[in-house]
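Chain by chain, the residues run as shown.
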Amino acid sequence: MPGIGHFYGGLLHPVIVPSHLLALVSLGLLLGQRGLLVMRTAYPCFLVALLLGLAIAALSPATAFGAETSLLAIACACGIAVALRFSVHTMLLAPLVILTAMTLGADSGVSDLDRRETFGAMLGAGLGACVLLIVVAGLAEMPRREWQRVLVRVIGSWCAASALLVLALELR
């Protein structure tokens, strides 16, 4: 985004790129639905994998091949799991979190910038992704009444439907 600086552009990157937003929101809903214990173990995995993905993107700033499709498939799977209130086992959740974070990081590369600007943009993208995931998961964990839990499931179904629509258009 011209005029706001590279750090702030990176900070807004996960919110502006639809596949990143859908993947982070649906994963956040899934983690929040599973509770605090799962959230505490998933966040460090997410952070380490995101940093690794960002390092890959810094070394090779070209867009990761198939990253958008992968993120949409992840968003669809997580959204369906949230909508059905499917209890994903922790052994399956950890690879899902790691795959999502690495794909997000690898797809957040920038080109035509000097080292300082690239570092600022990547730092902003990483921080934006982490904050978005934590906020969504925190909000999804908070509901105590049944209608609030249903609202979380509805948002999960919307994420899945949106991802499926884009994937269907991609196949066409």
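Rules and cut-offs
- Residues numbered from 1 in each chain as written.
- Predicted model: local features only at pLDDT ≥ 70, side-chain atom pairs only at ≥ 80, totals over all residues.
- Heavy atoms only, no water.
- Helix = DSSP H or I, 4+ residues; strand = E, 2+ residues; numbered from the N terminus.
- Buried < 20%, exposed > 50% of the residue type's maximum accessible area, 1.4 Å probe, protein only.
- Contact = heavy atoms within 4.5 Å.
- Expected span 1.5 Å × (residues − 1).
- Axes fitted to C-alpha atoms, helices over the stretch in contact; angles between N-to-C directions.
- Parallel < 35°, antiparallel > 145°, perpendicular 65-115°, else oblique.
- Left-handed = near helix turned anticlockwise from the far one by under 90°.
- Nonpolar A, V, L, I, M, F, W, Y, C, P; charged D, E, K, R; others polar.
- Bend = angle between axes of the 7 residues up to and from the residue.
- Polar contact = N/O pair within 3.5 Å; in protein donor to acceptor, adjacent residues only side chain to side chain.

(A) Region of the structure containing the side chain of Q33. You can see Q33 is positioned in helix α2 (residues 18–34). On the basis of relative accessible area, Q33 is assigned to the buried category, the value being 18%. For Q33, the residues in contact, after removing those within four places along its chain, are A81, V82, R85, A140, V152 and R153.

(B) Looking closely at helix α4 (residues 67–83). Helix length check: α4 (17 residues) gives 24 Å between terminal C-alpha atoms against 24 Å at 1.5 Å per residue, within 8%. One or two positions beyond α4, positive phi appears at R85, with a value near 55°.

(C) Focus on the packing of helix α3 (residues 36–59) against helix α6 (residues 115–141). It is the contact of α3 with α6, at a shortest axis distance of 10 Å, that shows an interaxial angle of 160°. Relative to α6, the element α3 is oriented roughly antiparallel. Where α3 crosses over α6, the two elements pack in a sense that is right-handed. Of the residues in α6, those in contact with L36, M39, Y43, F46, L47, L50, L54, A57 and A58 of α3 are M122, G126, A129, C130, L133, I134, A137, G138 and E141. Residues of the contact of α3 with α6, tallied by class, amount to 15 nonpolar, two polar and one charged.

(D) Up close: α3. An ideal rise of 1.5 Å per residue puts 34 Å on 24 residues; α3 measures up with 35 Å between its terminal C-alpha atoms. Within α3, the axis deviates most sharply at A42, by approximately 25°, and proline P44 lies no more than four positions further along. All of the buried residues in α3 are V38, M39, A42, F46, A49, L50, G53, L54 and A57. The elements touched by buried residues of α3 are α2, α5 (90–106) and α6.

(E) A look at the environment of Q148. Within the secondary structure, Q148 is located in helix α7 (residues 146–171). Residue class for Q148 comes out partly exposed when judged on its relative accessible area of 23%. Residues Q148 and A160 lie 12 residues apart in sequence; the distance between their C-alpha atoms is 19 Å. At 3.0 Å, the side chain of Q148 forms a polar contact with the backbone nitrogen of R144.

Remember that the coordinates give geometry; whether it matters functionally is a separate question.
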